[in-house]
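Report on the structure
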Amino acid sequence: MSNSPPIEAEGLVRTFGEVRAVDGVDLVVNAGEIYGFLGPNGAGKSTTVRMLTTLLKPTSGRARVAGHDVVAEAAAVRRAIGVALQDAAIDPILTGRELLSLQAVLHGINRKQGKARSEQLLERVGLTAAADRRVGTYSGGMRRRLDLALSLIHEPSVLFLDEPTTGLDPTSRQSLWEEVRRLNADGTTVLLTTQYLEEADQLAHRIGIIDGGKLVQEGVPATLKAAVGDPTLRVDVDAGHAEAARAVLAAHGEERPARAGRVAIGLRGGAESLPAVVRALDEAGIRIQHMELDAPSLDDVFAEATGRRLEGADAAAPDSESDSGPAAATDVDAHRGRP
Amino acid sequence: MTAVTPAVHDARLGLRATAGQAAALARRSIVRIMRQPQVIVPNLFFPTFFLVINNASVGKAAGLPGFPGDRYLPFALAGTVLQAVMLSSTSAGSEVALDIESGFFERMLASPVSRLAILLGQLAGVAVFGALLALFFAAVIAPFDAVMKAGIGGYVVLVISAVFLAVTFGGFALALGIRTGSVEATQGAFPLYFVAIFISSAFFPVALMTPWYRHLAGNNPVTFMIDGIRDLTLEPFSWAAAANAIGVSFGAALVAVLVAFAALNARLAQR
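Presented here is a report on the structure given in the accompanying data block. (Residues numbered from 1 in each chain as written. Chains lettered and ligands numbered in written order. Predicted model: local features only at pLDDT ≥ 70, side-chain atom pairs only at ≥ 80, totals over all residues. Heavy atoms only, no water.)

1. Describing helix α11 (residues 221–234) of chain B
All names here are of chain B. For α11, built from 14 residues, the straight-helix expectation of 20 Å at 1.5 Å per residue is met to within 8% by its first-to-last C-alpha distance of 20 Å. With ten of its 14 residues buried, α11 lies for the most part within the structure. For α11, the set of buried residues is Val-222, Thr-223, Met-225, Ile-226, Gly-228, Ile-229, Arg-230, Leu-232, Thr-233 and Leu-234. Contact partners of the buried residues in α11: α3 (72–89), α7 (151–180), α9 (190–198), α10 (211–218) and α12 (239–269). (Helix = DSSP H or I, 4+ residues; strand = E, 2+ residues; numbered from the N terminus. Expected span 1.5 Å × (residues − 1). Buried < 20%, exposed > 50% of the residue type's maximum accessible area, 1.4 Å probe, protein only. Contact = heavy atoms within 4.5 Å.)

Below, the structure is given as structure tokens:
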């Protein structure tokens, strides 16, 4: 591979009839980076990944992956990348070990090396005990881990993960995040798409927010959040003291929308200003029932960039999902940001 | 947790690699068939059922002037094998459609697998099953003193022809599965196969059919496939008959593979 970035795209466009699913995406993912592609369903994340993985031809624009053009040198790209697509596509009739073996052959790995590599990966993703069971009996989390192992059989330098934790319970999700971090620590460049804010926040060194097929914001999560503005301070006070609290808090920041009985402001100076706020409320004789300070979230970043909240993305949402079987739930509808 | 080892892949994908990939995919195809009794049982039951029914209903026709041979069961062997192979091979179409629907097909396309290996692997599975079906039905009628007059050579040709017939019907089914990407659409074509086999010499000699039906059956390619094998069932072995049986089924198989390959290329071009 040359010194060029592992993933680079320029003016990438893909249309389906009249619909511009991806509309001029420029993208550079640097070596050793985890890049999070964040956006709601239908934003163009998967279409972009499918173009970068040679499964779909761009209508216009160019992309190079692992130093190879995705159209002119598609075969070279396929040899260099690992891909785990949305909805782990795994043959339920075969066993985990058989599938790894098959995947090794498809990548031109000889039998002996393929077997050794399969054993190594089964151990790595914690599926050694279930290796000889048919995949149809695996839980959603196990299928995802096997999917990841399959994508790693040839030790790719670039890994694409399309919504890797959709439908997983929190434990399985954490386990997969840890594995992605380990892979990245071993030097693998990762591009992952997600609609989960926390996933992007936890895993990605840089994120790109895609909406309506366009990359509308890009950067390091902390920097993006900091750019949104002051953290939000929410204060619940005794009934009848809301107006007085509002007057006191107005001196510390601009008021923000809040539900009844609660006052919220954008706290100037952030957490360092908190003691002064508490003292001011105390001196005014206002009893605080509850107080919370929320740093700007990626949802705030998303809202800033698109004017909308990100649907279907919430750190807590997966709690409501199950991982009891292959057909685990896949969608949630909650917001991290709240009034 | 073990550390990631240095790269172990050999990315050169020549003919040898393609053969290895096709063999691995063929193994998958065979394993999938063998682990699904619901796929195997109908392919054994229905042809046996039709063989028994036809033998009971029109078996006496074997005594009519112009009937090839003097007994019905040897006459029906070629048609029964073709029917079984045809029924089983159509699974290649629904299997590939299932792979497309489930995303497994895309997983393969995202790997450096040869496109030819994808087709050959799927077809090799039905070909092996076709060979087993031919042996099964030959064994089923053998106890009734219904053996191939061409002897061992006849059975060898029967199995080889069954393999090519499986590739033929599997290839056309594969093309349909690849083009539509729909299990339902692929299975929806199933009645056409029945029509093709019933308007042929599978279960009754063309010479004894009514004129208009004889015209249809006589020009049905399925009749040519069956008659090639039947010559070896009812007559002593001859190289000409063997070459004819294998040649017809091989030619049909070649056409089917080309059609399937064209369907795959068309699908890939649409991406």
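2. Overview of the sheet that holds strand β5 (residues 68–69) of chain A
Residues and elements named next belong to chain A. Pairing in this open sheet of four strands is antiparallel, and the strands run β2-β1-β4-β5 from one edge to the other. Single-partner strands in this sheet number two, and they are β2 (19–29) and β5. The pairing of strand β1 (residues 7–16) with β2 spans eight bridges and is antiparallel. For Leu-12, the partnering residue across the bridge sits in β2 and is Val-25. (Pairing = 2+ DSSP bridges.)

3. Brief notes about the nonpolar core
Generally speaking, nonpolar side chains in soluble globular proteins are found buried as a group. Among the nonpolar cores identified, the biggest contains 92 residues, and Leu-27, Leu-52, Val-65, Leu-146, Phe-160 and Leu-191 of chain A are the most heavily contacted of them. Ignoring anything within four residues of it in the chain, the contact list for Val-65 of chain A reads Pro-6, Leu-52, Val-70, Val-77, Ile-81, Val-158 and Phe-160 of chain A. Counting residues in each nonpolar core, the second largest holds 47 residues, with Ala-78, Ala-173, Val-222 and Met-225 of chain B among its members. (Core = buried A, V, L, I, M, F, W, Y, C linked by side-chain atoms within 4.5 Å.)

4. Here we look at the environment of Val-277 of chain A
Residue and element names in this part refer to chain A. Following the sequence through the fold, Val-277 ends up in helix α10 (residues 274–283). A relative accessible area of 0% places Val-277 in the buried class. The spacing of Val-277 and Ala-251 is 26 residues in sequence and 9.0 Å in space, taken between C-alpha atoms. The residues contacting Val-277, other than those within four sequence positions of it, are Leu-233, Leu-249, His-252, Leu-267 and Met-291.

5. Looking at a nonpolar patch on the surface
All names here are of chain B. Judged by side-chain polarity, Val-41, Phe-45, Phe-46, Phe-49 and Ile-53 come together as a nonpolar surface patch covering roughly 460 Å² of accessible area. As for its placement among the helices and strands, Ile-53 is situated in helix α2 (residues 37–58). A relative accessible area of 40% means that Ile-53 is categorised as partly exposed. (Patch = residues over 30% accessible without salt bridge, like charges linked within 9 Å, V, L, I, M, F, W, Y side chains within 5 Å. Areas by Shrake-Rupley, 256 points an atom, 1.4 Å probe, with all protein chains shown as cover. Salt bridge = Lys/Arg side-chain N within 4 Å of Asp/Glu carboxyl O.)

6. Observations concerning the interface of chain A and chain B
Residue-level contacts link 39 residues of chain A with 37 residues of chain B. Where chain A abuts chain B, roughly 3500 Å² becomes buried across the two surfaces, and 54% of that area is made up of carbon and sulfur atoms. The interface formed by chain A and chain B holds five salt bridges in total. For the salt bridge of Glu-106 of chain B with Arg-50 of chain A, the shortest nitrogen-to-oxygen distance reads 2.5 Å. The tally of links from chain A across to chain B stands at seven residue pairs in polar contact (both at pLDDT 80 or more). Elements with a contribution of two residues or more to the side of chain A that touches chain B: α2 (74–80), α3 (96–106), α4 (111–124), α5 (140–151) and α6 (170–185) of chain A. In terms of residue count, α3 of chain A provides more of the side of chain A that touches chain B than any other element does, six residues in total. (Buried area = accessible area lost by both parts, 1.4 Å probe. Polar contact = N/O pair within 3.5 Å; in protein donor to acceptor, adjacent residues only side chain to side chain.)

7. What about the packing of aromatic side chains?
Residue and element names in this part refer to chain B. As enumerated under the stated definition, the model contains 17 aromatic pairs over all chains in all. Geometrically, the ring pair formed by Phe-50 and Phe-198 is edge-to-face, given 5.8 Å between the ring centres and 70 degrees between the ring planes. With Phe-50 in helix α2 and Phe-198 in helix α9, the pair connects residues that are 148 residues apart, well separated along the chain. The class of Phe-198 is partly exposed, set by a relative accessible area of 33%. With centroids separated by 5.4 Å and ring planes inclined at 85 degrees, the aromatic side chains of Trp-212 and Tyr-213 adopt a geometry described as edge-to-face. You can call Tyr-213 partly exposed: its relative accessible area is 24%. (Phe/Tyr/Trp six-rings, centres within 6.5 Å; stacked < 30°, edge-to-face > 60°.)

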